[in-house]
Structure formats: structure tokens, C-alpha cells
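Coordinate analysis (summary)
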Amino acid sequence: GQQVMQIPQYQHVQEGEDFTTYCNSSTTLSNIQWYKQRPGGHPVFLIQLVKSGEVKKQKRLTFQFGEAKKNSSLHITATQTTDVGTYFCAGKSGGSNYKLTFGKGTLLTVNP
Amino acid sequence: EAGVTQFPSHSVIEKGQTVTLRCDPISGHDNLYWYRRVMGKEIKFLLHFVKESKQDESGMPNNRFLAERTGGTYSTLKVQPAELEDSGVYFCASSPTGVSPLHFGNGTRLTVT
């Protein structure tokens, strides 16, 4: 079945440093979504990428979808303590299958 | 707009007992999903309802798990009898369409001892 690999599993940074998490799918995706889960909270939708090579920005966050639509990345510039949490990528394989396959997530901690 | 609500937030039961989790989706969301996260692992898909119909239940681990969504509103997920490996956080999510992003509830943390 479809698998989504996400690295790294953990990342600890000093406030102000950059952070990147990567996702790689075993199959071509119709779209990829990113979610953030704060400690003790639930996953919250951040963004969806649909087009090959798509790049989207949200303030200090930059999301990319690979040309082959099998990989994606999330980059945070100049991290802040409010960025702490687990970032999940989740992909859909397309067709009538609406199920999202999640990566294991990257837990980001930020030292002030 | 009220979010997705789940009850209970925590449940501790003994192996062999029965537990029923409840999810109230956002009003008007026809699509309802159940996911489970075991400690340190990915959020795994369990099943997907469209209104009251099961669209995809390929992620249900075994026949000890039964999900229902009578009337197409709230949903329940029953585990009977519970086993140790069923421990984890059970998330419910809803969306207006099958291609919309998911709105997650706060989850039910289930501990089977």
C-alpha cells in the first residue's frame, strides 16, 4: 500500500534558526497536505499543494511539491517558540480514494 | 462554527472490556473520518463515512472494531473486546467534501491495561 516517509523524526533548533522537514511518497500523489499539531492538541490544517512543482508561502513557512508529485518539504525561516509542535505531511493517491496517508511527523522543539 | 468534538477525552480500560468513542462532526460536513495514532507512529486511517454510508473501511484493524454513523450525523467507534495494542489516540475528522482539508477533533486517548 501507499507509504509516506517523513524525516527527520525530531528536530531541535535555537530560536532564529531555520527548519526543514521532508516527505517522500512511495506512489505519485494527487495532492499533499500539511498539518501542525501543538503539544496536547490536534492536527490543524496548514496548506494543500496540488500542482507539480508548486511552491506556496505562508509568512515564514514555505511549502514545496516535487515535480514528480512524490515528495514535498516544509521550510520554516527564523523559527520562533510558537513554531513548536509536530508537523505532518499527508498525501492522497487520487481517484475515488479520499483517504489521507500521513507521515510519522517531525517534532520540532525551539530553544528560546 | 463549533469544531469537531470527541468524547471522552481519555479512557482507561482493562483488556477484554468494551469502549465506545463518540464523534460529533462539524454541522453540514458529510465526510467523517476516524484515524488512530499509536505513540510515536504515523496517524493511520481507519475508515471514512459519507453521510451514513461507509465509503472506505480498509484501515479497520479487525472485527473487534465497529464504527457507525446512524442518520449521518454523529459517529461512534466501538472496540470490543479491547486488546493492549488498541491503545493510542483516536482522532475523528470531518470535511464538507472528500477533497477538502480535514478538521480534526481533540482526540480520545485510549489506554488498555
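The structure this text deals with has already been given above.
As the structure is a prediction and not an experimental result, all values here were calculated from the model.

Check the secondary structure of chain B and you find zero helices and 11 strands. When the elements of chain B are put in sequence order from the N terminus, they spell out β-β-β-β-β-β-β-β-β-β-β. The C-alpha radius of gyration of chain B comes to 13 Å, within 12% of the 13 Å expected for a compact globule of 113 residues. If one aligns the C-alpha atoms of chain B with their principal axes, the spans along those axes are about 35 × 25 × 25 Å. Carbon and sulfur atoms form 49% of the exposed surface of chain B, whose accessible area is close to 5,500 Å². The average position of the 12 basic charges and that of the 12 acidic charges among the side chains of chain B differ by 4 Å.

Further remarks concern the nonpolar core. If you look at the biggest cluster of nonpolar residues, it comprises 21 residues, and the most contacted ones within it are W34(B), L46(B), L47(B), M60(B), L77(B) and Y90(B). Counting only elements with at least two residues in this core, the list comes to β3 (19-24), β4 (31-37), β5 (43-50), β7 (65-68), β8 (75-79), β9 (88-95) and β11 (108-112) of chain B. In this structure L46(B) touches W34(B), Y35(B), R36(B), D56(B), E57(B), S58(B), G59(B), M60(B), P61(B), L77(B) and Y90(B), once residues within four positions along its chain are discounted. By size, the runner-up hydrophobic cluster in this structure holds 19 residues, among which are F19(A), L49(A), F63(A) and L74(A).

Before going further, it helps to spend a moment on the sheet that holds strand β7 (residues 61-65) of chain A. Residue and element names in this part refer to chain A. Read across the open sheet, the five strands follow the order β1-β3-β8-β7-β6; overall the sheet is antiparallel. Because the sheet does not close on itself, it has two edges, and the strands there are β1 (4-7) and β6 (55-58). This sheet shows a mean twist of 15 degrees between the axes of neighbouring strands, independent of strand direction. Two strands pair when backbone bridges link them, and strand β3 (residues 19-25) and strand β8 (residues 71-76) are joined in this way by six bridges, in the antiparallel orientation. Looking at the pairing, T20 lines up with H75 of β8.

Residue and element names in this part refer to chain A. In the structure shown here, the tally under the stated rule is 13 aromatic pairs over all chains. Taking the centre distance of 6.2 Å and the plane angle of 80 degrees together, the rings of F88 and F102 count as edge-to-face. With F88 in strand β9 (residues 85-92) and F102 in strand β10 (residues 101-102), the pair connects residues that are 14 residues apart, well separated along the chain. F102 carries the same exposure label as F88, and that label is buried.

Mapped onto the elements of the fold, K59(A) is located in the loop between β6 and β7. Separated by 18 residues in the primary sequence, K59(A) and T77(A) place their C-alpha atoms 9.0 Å from one another.

Attention now goes to the interface of chain B and chain A. Opposite the 20 residues of chain B that make contact, chain A presents 18 residues. Contact between chain B and chain A buries roughly 1,600 Å² in total, counting both sides, with carbon and sulfur atoms accounting for 57%. Of all residues in chain B, the largest losses of buried area upon contact with chain A belong to I43(B), P101(B) and F104(B), amounting jointly to 28% of the total for that side. The tally of links between chain B and chain A comes to zero salt bridges. Applying the counting criterion to the chain B and chain A interface returns six residue pairs in polar contact (both at pLDDT 80 or more). When its residues are assigned to classes, the side of chain B that touches chain A shows nine nonpolar, seven polar and four charged.

Analysis parameters
Residues numbered from 1 in each chain as written. Chains lettered and ligands numbered in written order. Predicted model: local features only at pLDDT ≥ 70, side-chain atom pairs only at ≥ 80, totals over all residues. Heavy atoms only, no water. Helix = DSSP H or I, 4+ residues; strand = E, 2+ residues; numbered from the N terminus. Rg over C-alpha atoms; globule rule 2.2 N^0.38 Å. Areas by Shrake-Rupley, 256 points an atom, 1.4 Å probe, with all protein chains shown as cover. Lys, Arg positive; Asp, Glu negative; His and termini not counted. Charge placed at Lys NZ, Arg CZ, Asp CG, Glu CD. Core = buried A, V, L, I, M, F, W, Y, C linked by side-chain atoms within 4.5 Å. Buried < 20%, exposed > 50% of the residue type's maximum accessible area, 1.4 Å probe, protein only. Contact = heavy atoms within 4.5 Å. Pairing = 2+ DSSP bridges. Axes fitted to C-alpha atoms, helices over the stretch in contact; angles between N-to-C directions. Phe/Tyr/Trp six-rings, centres within 6.5 Å; stacked < 30°, edge-to-face > 60°. Buried area = accessible area lost by both parts, 1.4 Å probe. Salt bridge = Lys/Arg side-chain N within 4 Å of Asp/Glu carboxyl O. Polar contact = N/O pair within 3.5 Å; in protein donor to acceptor, adjacent residues only side chain to side chain. Nonpolar A, V, L, I, M, F, W, Y, C, P; charged D, E, K, R; others polar.

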